[in-house]
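Secondary and tertiary structure notes
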Number of protein chains: 2
Amino acid sequence: MGKKIGFIGLGVMGGAMAEHLLEAGFELTVYNRTKKKAETLLSKGAKWADTPAAAAKNSDVVITMVGYPEDVEEVYLGKDGILEAKTGGYVIDMTTSSPKLAKKIYDAAAKKGIASVDAPVSGGDIGARNATLVIMVGGDEKAFHALAPIFNALGKTVRYFGAAGSGQYTKMANQIAIAAGMLGVAESLSYAKKAGLNPEAVLETISGGAAGSWSLSNLGPRMLKGDTAPGFYIKHFIKDMRIAIESAEEMHLELPGLKLAKRLYDELSARGMEDCGTQTIYQWYAK
Amino acid sequence: MGKKIGFIGLGVMGGAMAEHLLEAGFELTVYNRTKKKAETLLSKGAKWADTPAAAAKNSDVVITMVGYPEDVEEVYLGKDGILEAKTGGYVIDMTTSSPKLAKKIYDAAAKKGIASVDAPVSGGDIGARNATLVIMVGGDEKAFHALAPIFNALGKTVRYFGAAGSGQYTKMANQIAIAAGMLGVAESLSYAKKAGLNPEAVLETISGGAAGSWSLSNLGPRMLKGDTAPGFYIKHFIKDMRIAIESAEEMHLELPGLKLAKRLYDELSARGMEDCGTQTIYQWYAK
């Protein structure tokens, strides 16, 4: 693996990750739909590319961290896309995206001698900033090992889960556990409040036992404060749940808890809350 | 508060709790539907009573730890029940039961000069054996303080939440958080398995992050092993969810995650799994 990385997608996550790679000594050529978001990186020595293809052309490794599966597909397989320009080397899609699309990209990349891995992350913007992401990898196993210096610059836990799509499947398993779990937290605290209890006292008491969860301890207090600021955006969670539902349907697996969570979040989104944090589900119950 | 306790209900939980009270120096008169379950306690010095009324008659405090709200109602308000025999002193219902019934008992007890508290627990049979229960108390606040020596002999966290029914409301908030959360855990692991991943590796990876929960860490491994042994019985969880749904409806609070969980557990129960542990929800997805 060489030192030249093409990095596509400089949002809150991608921007922080690209900085870590610069600091680790990689040479970055970056592309983003909005050029403004690249300014900090350019001032630190990254080069600019006008298209994904241009970012990919002379890079040993291309990393993508974009928004929706549609964006991933366009960036890899569309006009001026990565696979139009690149032969050999590696591609890493770190976007949370569809397992099926990961397989499609893997196959298309293989035809051009490119080793592809899907490597979505968990840990959010804080994990990206602190390089403490959990990175869930699927695809070419040799590539997984070869790319270790990149993964280690970005995350604290890096694990290989199997063939193309396995990183995405693992990320989906993570989101699925969160989805119904968020309903449990919001329902519990809504009930406590409506029953006239002190909901903070209830939260404190139940979070140490069998009802305990990351969501209860970390998002429960924000629910009770009415803090809707996004740690994780409702619109992104809806995207993830959509992907998870589609892929579960491909497997003929029925996941009613996930579907219910998606339905409630869709309702919040329709009420204009798509840019709020996922804890805002609490407001569904306060309606 | 005197030293004489009438203890009614000697199941797995009640039996262990009664032993701790004997060890703490209280004098126990016990009643249970099946006398056989009292044998150990009788051999350690507890006295036997043939009816709840007889157990209550000369006791300073009566503690009940029975099965369903119907049992609680009968034991307190039925023929040969506690309130038929007792005047003054204290009653503590530690059964997980209906908040509405707790208020009804509180009122009926008050008419006989009895201070009533509802004090359901969490922590399961292990918590009962090790005297590490969490005890959630509602009802008479002076009584809560007066009864501290009893609570401290049984649990490690004892907290007062407000008027009659508040202990039950708090316990319900606990069960509500667990209910939808269990679906999240079971759906996540079913999905991981069906996707061809190593579900143990997925569990290990996601349990440290935002998907983490007590249920995932403690019941997830049992799901994957096919271990259906009850830590907490499906039939008891269904009872709790029924109470929670009824009380949410009294408040005009809609809790779709809880209702969904109850529906899936009802289906398992109909398939003969009511005596399995709650982790057996995993099998709903494997159908």
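Residues numbered from 1 in each chain as written. Chains lettered and ligands numbered in written order. Predicted model: local features only at pLDDT ≥ 70, side-chain atom pairs only at ≥ 80, totals over all residues. Heavy atoms only, no water.

1. Examining the overall build of chain A
Tallying secondary structure elements over chain A gives 15 helices and 9 strands in all. Against the compact-globule benchmark of 19 Å for 287 residues, chain A has a radius of gyration of 20 Å, which places it among compact chains. Dimensions of chain A, computed from the C-alpha atoms along their principal axes, are close to 65 × 45 × 35 Å. Expressed as a percentage of its 287 residues, the buried residues of chain A come to 58%. Taking the contacts inside chain A whose residues are at least 6 apart along the sequence as the reference set, 65% of them involve residues at least 24 apart. With an accessible surface of roughly 11200 Å², chain A has 49% of that area assigned to carbon and sulfur atoms. (Helix = DSSP H or I, 4+ residues; strand = E, 2+ residues; numbered from the N terminus. Rg over C-alpha atoms; globule rule 2.2 N^0.38 Å. Buried < 20%, exposed > 50% of the residue type's maximum accessible area, 1.4 Å probe, protein only. Contact = heavy atoms within 4.5 Å. Areas by Shrake-Rupley, 256 points an atom, 1.4 Å probe, with all protein chains shown as cover.)

2. Some thoughts on the environment of Thr205 of chain B
Relative to the elements of secondary structure, Thr205 of chain B occurs in helix H11 (residues 199–206). The exposure class assigned to Thr205 of chain B is buried, which follows from its relative accessible area of 10%. Sequence-distant contacts of Thr205 of chain B, defined by excluding residues within four places in its chain, comprise Val134, Met136, Arg159 and Phe161 of chain A. Of the polar contacts made by the side chain of Thr205 of chain B, one reaches the backbone oxygen of Ala201 of chain B; its length is 2.9 Å. (Polar contact = N/O pair within 3.5 Å; in protein donor to acceptor, adjacent residues only side chain to side chain.)

3. Remarks on helix H13 (residues 234–250) of chain A
In this model H13 of chain A runs 24 Å from its N-terminal to its C-terminal C-alpha over 17 residues, within 8% of the 24 Å that 1.5 Å per residue would give. Every buried residue of H13 of chain A is accounted for by Ile234, Phe237, Ile238, Lys239, Asp240, Met241, Ile243, Ala244, Ile245, Ser247 and Ala248 of chain A. Elements in contact with the buried residues of H13 of chain A: helix H4 (69–77), helix H6 (99–110), helix H10 (166–194) and helix H14 (256–270) of chain A together with helix H10 (166–194) of chain B. The positive-phi residue at the C-terminal boundary of H13 of chain A is His252 of chain A, with phi of around 60°. (Expected span 1.5 Å × (residues − 1).)

4. Re the environment of Pro256 of chain B
Along the chain, Pro256 of chain B falls in helix H14 (residues 256–273). Among residues more than four places away in sequence, those in contact with Pro256 of chain B are Glu187, Leu260, Leu264, Trp284 and Tyr285 of chain A.

5. A word on the relation of the copies chain A and chain B
For the pair chain A and chain B, the superposition axis carries a translation of 0.0 Å, the fit reaches an RMSD of 0.0 Å, and the rotation angle comes to 180°. With respect to symmetry, the two chain copies, as superposed, fit the operation of a two-fold axis. Mapped onto chain B, 100% of the interface residues of chain A again fall at the interface, so both copies present the same surface. (Least-squares fit on C-alpha atoms with pLDDT ≥ 70 in both.)

6. Observations concerning the environment of Asn174 of chain A
For Asn174 of chain A, the location among the structural elements is in helix H10. In this structure, the C-alpha to C-alpha distance between Asn174 of chain A and Ser122 of chain A, residues 52 residues apart in sequence, is 8.5 Å. When residues no more than four places from it in sequence are discounted, the contact partners of Asn174 of chain A are Ser122 of chain A together with Ser188, Ile206 and Ala211 of chain B.

7. Quick look at empty space enclosed by the protein
All names here are of chain A. Enumeration over the complete set of coordinates arrives at 5 cavities of 30 Å³ or more. A total of 5 residues in the lining of the largest cavity trace back to one element, the largest contributor, which is H10. Within the lining of the largest cavity, the residues separate by chemical class into 14 nonpolar, 8 polar and no charged. (1 Å grid on protein atoms, 1.4 Å probe; cavity = no way out; pocket = protein on both sides within 12 Å on 5 of 7 lines; lining within 4 Å. Points joined across faces, edges and corners; volume = space filled by probe spheres on them. Nonpolar A, V, L, I, M, F, W, Y, C, P; charged D, E, K, R; others polar.)

8. Observations regarding the packing of H10 of chain A against helix H11 (residues 199–206) of chain A
All names here are of chain A. Closest axis-to-axis distance for the H10/H11 pair is 9 Å, and the angle between their directions is 135°. Classified by the angle between their axes, H10 and H11 sit oblique to one another. Crossing handedness for the pair H10 and H11: right-handed. The segment H10 lies against H11, with Ser188, Leu189, Ala192 and Lys193 engaging Pro199, Val202, Leu203 and Ile206. Taken together, the residues of the contact of H10 with H11 sort by class into 6 nonpolar, 1 polar and 1 charged. (Axes fitted to C-alpha atoms, helices over the stretch in contact; angles between N-to-C directions. Parallel < 35°, antiparallel > 145°, perpendicular 65-115°, else oblique. Left-handed = near helix turned anticlockwise from the far one by under 90°.)

9. Focus on the packing of aromatic side chains
Throughout the structure, instances matching the rule amount to 14 aromatic pairs over all chains. Between Phe144 of chain A and Tyr160 of chain A, the ring centres sit 5.3 Å apart and the planes meet at 35°, which makes this aromatic pair tilted. Of this pair, Phe144 of chain A sits in helix H8 (residues 141–146) while Tyr160 of chain A sits in strand S9 (residues 155–162), and the two are 16 residues apart along the sequence. Phe144 of chain A gets classed as buried once you look at its relative accessible area, which sits at 12%. Between the aromatic rings of Tyr169 of chain A and Tyr191 of chain B, the centroid separation amounts to 6.0 Å while the plane-to-plane angle is 65°, which identifies the pairing as edge-to-face. You can see Tyr169 of chain A sitting in helix H10 and its partner Tyr191 of chain B sitting in helix H10, one on each of two chains. Accessibility assignment for this pair places Tyr169 of chain A and Tyr191 of chain B in one class, buried. Chaining the aromatic ring pairs together yields one cluster made of Phe144, Phe151 and Tyr160 of chain A. (Phe/Tyr/Trp six-rings, centres within 6.5 Å; stacked < 30°, edge-to-face > 60°.)

10. Things to note about the domain arrangement of chain A
All names here are of chain A. Splitting chain A by domain gives domain 1 (4–163) and domain 2 (170–286). One C-alpha centre belongs to domain 1, the other to domain 2, and the line joining them spans 29 Å. Taken together, the contact between domain 1 and domain 2 spans 16 residues of the former and 13 residues of the latter. A combined buried area of about 1100 Å² lies between domain 1 and domain 2, and 61% of that area is made up of carbon and sulfur atoms. Considering only the side of domain 1, the residues that lose the most area to domain 2 are Tyr68, Thr96 and Met136, jointly responsible for 42% of the buried surface there. Our count for the domain 1 to domain 2 interface comes out at 2 salt bridges. Among the ionic pairs, Lys100 bridges to Glu250, the shortest N-O distance being 3.8 Å. Linking domain 1 with domain 2 are 4 residue pairs in polar contact (both at pLDDT 80 or more), by the criterion used here. Contributions of two or more residues to the side of domain 1 that touches domain 2 are made by H4, H6 and strand S7 (121–122). (Domains from an automatic or database assignment. Buried area = accessible area lost by both parts, 1.4 Å probe. Salt bridge = Lys/Arg side-chain N within 4 Å of Asp/Glu carboxyl O.)

11. Considering the nonpolar core
Proteins that are soluble and globular tend to have nonpolar side chains buried together. Tyr191 and Ile281 of chain A together with Tyr191 and Ile281 of chain B are the most contacted members of the largest nonpolar core, which totals 104 residues. Setting aside its immediate chain neighbours within four residues, Tyr191 of chain B contacts Pro99, Tyr169, Met172, Ala173, Ile176, Ala244, Ser247, Ala248, Met251, Leu253 and Leu255 of chain A. (Core = buried A, V, L, I, M, F, W, Y, C linked by side-chain atoms within 4.5 Å.)

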